[in-house]
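What follows is the residue order along each chain.
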Amino acid sequence: MKKNILSLAVLIAALSFALPSQAQVKFGVKAGLNMNSVSLKDYKGNLDGDHRTGFFAGVTADVTIPLAGLGVEASLLYDNKSIALSDGTNESKKTLHYVSLPINAKYTIGFSSLASVYFATGPQFSWNVGDRSWAPKNIQAGWELKKSEFSWNVGAGVTALKHIRVGYNYNIGIGKTAEATVLGTAINGVKGKLKNNTHQVSLTYIF
């Protein structure tokens, strides 16, 4: 499964460099809200993930093929994600700081010169630029955050007046966000993996 996802990611990335010469390239600025949830795997302790909000902001490049409706959108974003764990009594929050590179293949349906609808999917590569250690107070397991993450986007949205775009995206964690650790060693009986999934609402202005 992971090999198939990585192959598709490479194909989409290659498409962004292989678009025909008549493709139109536009640039813009993008920002929005992250609504994060975490899931735990192989964890035997009494912990649950809580939903938290964050934000993202950065620049974007939009490449489209006239008439065909196909294209690629690549963005470079500062990605702020807040996650939380609770054992039913105590709760601990952690803010994650990433530089993220989503590369999405897009299909656009134009209804008129005033509005169009798009559907998008593609890989996202994220690099942790913040603190990688998380030792929640009053919660038994410490966590070591990964240096980088791989995830997958599925989204849709509306572009109005050719410049203003409102979108929704679901970012699905493929790799691990963190592992349970104590001083670098997996905890006996409570080792586990943490994965982060994110709902995103964005506003983009295309120049």
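None of the values given here were measured: they were computed from a predicted structure.

Chemist: How would you explain the environment of A178 if you had to name every residue and give the values?
Modeler: In this fold, A178 is placed in strand 11 (residues 178-181). Its relative accessible area of 0% is what places A178 among the buried residues. Sequence spacing of A178 and K147 is 31 residues, and the spatial spacing of their C-alpha atoms is 9.2 Å.

Chemist: With reference to specific residues and values, describe the environment of L77.
Modeler: With respect to the secondary-structure elements, L77 resides in strand 4 (residues 70-86). Look at L77 and you get buried, because its relative accessible area is 6%. Sequence spacing of L77 and V59 is 18 residues, and the spatial spacing of their C-alpha atoms is 6.6 Å. Beyond its immediate chain neighbours, meaning those up to four positions away, L77 contacts F56, A57, G58, V59, Y98, V99, S100 and P102.

Chemist: Kindly report on the nonpolar core, identifying the contributing residues and their values.
Modeler: Within the largest apolar cluster, 10 residues are counted, these being V38, I83, L85, L96, Y98, W134, W143, L145, A178 and L194. Elements supplying a minimum of two residues to this core: strand 4, strand 5 (91-110) and strand 8 (142-145). If we skip the residues at most four places from it in the chain, L96 touches D79, N80, K81, I83, L145 and T177.

Parameters at a glance
Residues numbered from 1 in each chain as written. Predicted model: local features only at pLDDT ≥ 70, side-chain atom pairs only at ≥ 80, totals over all residues. Heavy atoms only, no water. Helix = DSSP H or I, 4+ residues; strand = E, 2+ residues; numbered from the N terminus. Buried < 20%, exposed > 50% of the residue type's maximum accessible area, 1.4 Å probe, protein only. Contact = heavy atoms within 4.5 Å. Core = buried A, V, L, I, M, F, W, Y, C linked by side-chain atoms within 4.5 Å.

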